[in-house]
Amino acid sequence: MKRLVVLGAGTAGTMVVNKLHRLLDRRQWRITVVDQTETHQYQPGFLFIPFGRYRPSQVVKPRRKFLPRGVELVLGEVYRVDADASQVRLANGQRIAYDFLVIATGTSPHPEQTPGMLGSLWRTSVFDFYSLDGATALAQALQRFDGGRLVVHIVDLPIKCPVAPLEFTFLVEAYLRHRGIRDRVEIVYATPLPGAFTKPIASARLGSMLDERGIVVEPDFLVERIDEQAKALVSYDDRVIPFDLLVTVPLNMGADFIARSGLGDELNYVPVDRHTMLSRTYDNIFAIGDANDIPTSKAGSVAHFSVDVFTENFLQLIHGLPMTGRFDGHANCFVESGDGKGLLIDFNYDTEPLPGTYPVPVVGPFALLRETARNHWGKLAFRWMYWHLLLPGRRIPLPAHMSMAGKRRPPTEEE
């Protein structure tokens, strides 16, 4: 039998397993998935935990519940991949051979990479919300917070869900208003980007929303260290941002075994062809979801759309045919903006987020780059879709490739 091994049973890995389990001949293929834990976490839900909208129990479910019968789940830590021998070695010494390997081990925060971040202020005055523990601890800190300077900060890109820090900023501003203490809090948004977002049109829109809410943007801020004594961020160009409460997004990196295996770049992301997700070095290794280096958002929507393309390509490949599917970098993200409203952005490698409607022209029902209550409810409804449609690999009637239908380009200054 041929053996497909999937490393990581998160969003992308689980979708791959479910889709290919239905399509591959079970008499000829054995599917094994490797992960370290028995629980699956709905990571978009971490954003809401600090504000009490979700409880931790609402974003965690048993991993086996989402894997089909007949798929082998191996619990263990991957130590390294011996790509030349087509073999995975676990930390306990177990070896797993493969004919094809899919790396779907995602990305995770590494606060230890910033000097001072994991010091005496960690989880007392410095918090993250990109982990379940961090989001839970931050919920308690926000309840205690009674005024001062609150700084939302991004160490560097790429990060999981690039709009999440903005969402947190909007939500915490609304939270403080509803508590009646907004006038006692200065909110600063410190970003390594020149503006609020990576793309000009969306950056202008989101930046104006920060201005309207009285949030100070500190652009081009590349942190060098955290000064624990002064309770301040210090940049490489010697700018200093004091804080009373710091909500940071630490440096995000891929899995350690990728470095040990010689498969990754300096941040442990696997270099792949951005259209097929096939390794640039090995013709039997793919990296999908957040584990690769493709130049688009590390987000659940990218995992969804790229897995759709990958599945068809994989079937062509194993039958000796050229892979004809070409992923275009399609991503869409709801952006919570507080007060029961949100935006939606939809873009790909070549087209930045534009105003309009999605997915149907005029009808929508979702508005692009415009705050609506419907977008907010769409964000909340996604949790049900995630557990019941996305993870099980069921068909969702959205095209994998971005469409210009319903979008409009704003006039340029020349026009």
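Residues numbered from 1 in each chain as written. Predicted model: local features only at pLDDT ≥ 70, side-chain atom pairs only at ≥ 80, totals over all residues. Heavy atoms only, no water.

Draft legend 1. Spotlight on the overall build of the chain. Per the secondary structure count, the chain includes 7 helices and 24 strands. Its C-alpha atoms give the chain a radius of gyration of 22 Å, within 12% of the compact-globule value 22 Å for 415 residues. Over its C-alpha atoms, taken along the principal directions, the chain stretches across nearly 65 × 50 × 40 Å. Here the chain holds 415 residues, and the buried ones make up 57% of them. Considering only contacts in the chain between residues 6 or more positions apart, those separated by 24 or more positions represent 67%. Here the chain contributes 46 positively and 46 negatively charged side chains, and the mean placements of these two sets differ by 10 Å. (Helix = DSSP H or I, 4+ residues; strand = E, 2+ residues; numbered from the N terminus. Rg over C-alpha atoms; globule rule 2.2 N^0.38 Å. Buried < 20%, exposed > 50% of the residue type's maximum accessible area, 1.4 Å probe, protein only. Contact = heavy atoms within 4.5 Å. Lys, Arg positive; Asp, Glu negative; His and termini not counted. Charge placed at Lys NZ, Arg CZ, Asp CG, Glu CD.)

Draft legend 2. The pairing of strand β6 (residues 78-82), seen in detail. Pairing geometry for β6 and strand β7 (residues 87-90), over 4 bridges, is antiparallel. Note on β7: the bridge partner recorded for V78 is L90. Count of turn residues in the β6/β7 antiparallel hairpin: 4 residues, of which S86 carries a positive phi of about 55°. (Pairing = 2+ DSSP bridges.)

Draft legend 3. Spatial organisation of the packing of aromatic side chains. What the rule picks out here adds up to 20 aromatic pairs. Pairing F129 with Y130 gives two aromatic rings, centres 5.1 Å apart and planes at 65°, and the pair type is edge-to-face. In terms of burial, F129 and Y130 fall into one category: buried. Taking the centre distance of 5.0 Å and the plane angle of 15° together, the rings of F129 and F168 count as stacked. Of this pair, F129 sits in the loop between β11 (126-127) and α2 (132-144) while F168 sits in helix α3 (residues 164-179), and the two are 39 residues apart along the sequence. Classification of F129 as buried rests on a relative accessible area of 3%. Assessed through its relative accessible area of 0%, F168 is described here as buried. Counting every residue linked through ring pairs, the aromatic cluster contains W29, F100, F286, F310 and F314. (Phe/Tyr/Trp six-rings, centres within 6.5 Å; stacked < 30°, edge-to-face > 60°.)

Draft legend 4. Representation of empty space enclosed by the protein in the model. Within this structure, the stated rule accounts for 2 cavities of 30 Å³ or more. Lining the largest cavity are I154, L157, P162, Y189, T191, P192, L193, A196, F197 and T198. Tallied by class, the residues present in the lining of the largest cavity amount to 8 nonpolar, 2 polar and no charged. Here the second largest cavity is characterised by a volume of approximately 40 Å³. In terms of lining, the second largest cavity is formed by G289, D290, N292, I294, T296, S297, K298, A299 and V302. In terms of residue class, the lining of the second largest cavity is made up of 3 nonpolar, 4 polar and 2 charged. (1 Å grid on protein atoms, 1.4 Å probe; cavity = no way out; pocket = protein on both sides within 12 Å on 5 of 7 lines; lining within 4 Å. Points joined across faces, edges and corners; volume = space filled by probe spheres on them. Nonpolar A, V, L, I, M, F, W, Y, C, P; charged D, E, K, R; others polar.)

Draft legend 5. Highlighting the sheet that holds strand β8 (residues 95-97). Strand order in the open sheet formed by 3 strands is β6-β7-β8, with antiparallel pairing between adjacent strands. At either end of the open sheet lies a strand with only one pairing partner, and these are β6 and β8. On average, each strand axis in the sheet is tilted by 20° relative to the strand beside it, whichever way the strands run. (Axes fitted to C-alpha atoms, helices over the stretch in contact; angles between N-to-C directions.)

Draft legend 6. Examining the sheet that holds strand β15 (residues 223-227) more closely. What the 3 strands build is an open sheet, ordered β15-β16-β17; its pairing is antiparallel. Two strands lie at the open edges of the sheet, namely β15 and β17 (240-242), each paired on one side alone. Pairwise comparison of adjacent strand axes, ignoring direction, gives a mean angle of 20° for this sheet. Looking at chain direction, β15 and strand β16 (residues 232-235) are connected through 4 bridges and run antiparallel.

Draft legend 7. Summary view of helix α4 (residues 200-212). Its 13 residues give α4 an end-to-end C-alpha distance of 18 Å, which sits within 8% of 18 Å, the value for a rise of 1.5 Å per residue. A202, S203, L206, G207, M209 and L210 are the residues of α4 that are buried. Buried residues along α4 cover an arc of 155° about the axis, so they all sit on one side. Looking at α4, the residues exposed on the side facing more than 90 degrees away from the buried face are P200, A204, D211 and E212. The inward-facing, buried residues of α4 abut α3, β13 (185-190), β14 (216-218), β21 (331-338) and β22 (341-347). The positive-phi residue at the C-terminal boundary of α4 is G214, with phi of around 70°. (Expected span 1.5 Å × (residues − 1). Arc of directions from axis to C-beta.)

Draft legend 8. The side chain of E167, seen in detail. Examined against the element boundaries, E167 turns out to sit in helix α3. Excluding residues that lie within four positions of it along the chain, E167 makes contacts with L47, C161, F334, V335, E336 and K379.

Draft legend 9. Molecular detail of the pattern of salt bridges. Overall, the coordinates contain 21 salt bridges when judged by the stated rule. Between D146 and R184 there is a salt bridge; the shortest N-O distance is 2.8 Å. Of this pair, D146 sits in the loop between α2 and β12 (148-154) while R184 sits in the loop between α3 and β13, and the two are 38 residues apart along the sequence. Taking the shortest distance from any N to any O, the salt bridge between K379 and E167 comes out at 2.8 Å. One end of the pair, K379, is in helix α7 (residues 373-390); the other, E167, is in helix α3, and 212 residues separate them in sequence. Exposure remark for K379: the relative accessible area of 11% places this residue in the buried category. (Salt bridge = Lys/Arg side-chain N within 4 Å of Asp/Glu carboxyl O.)

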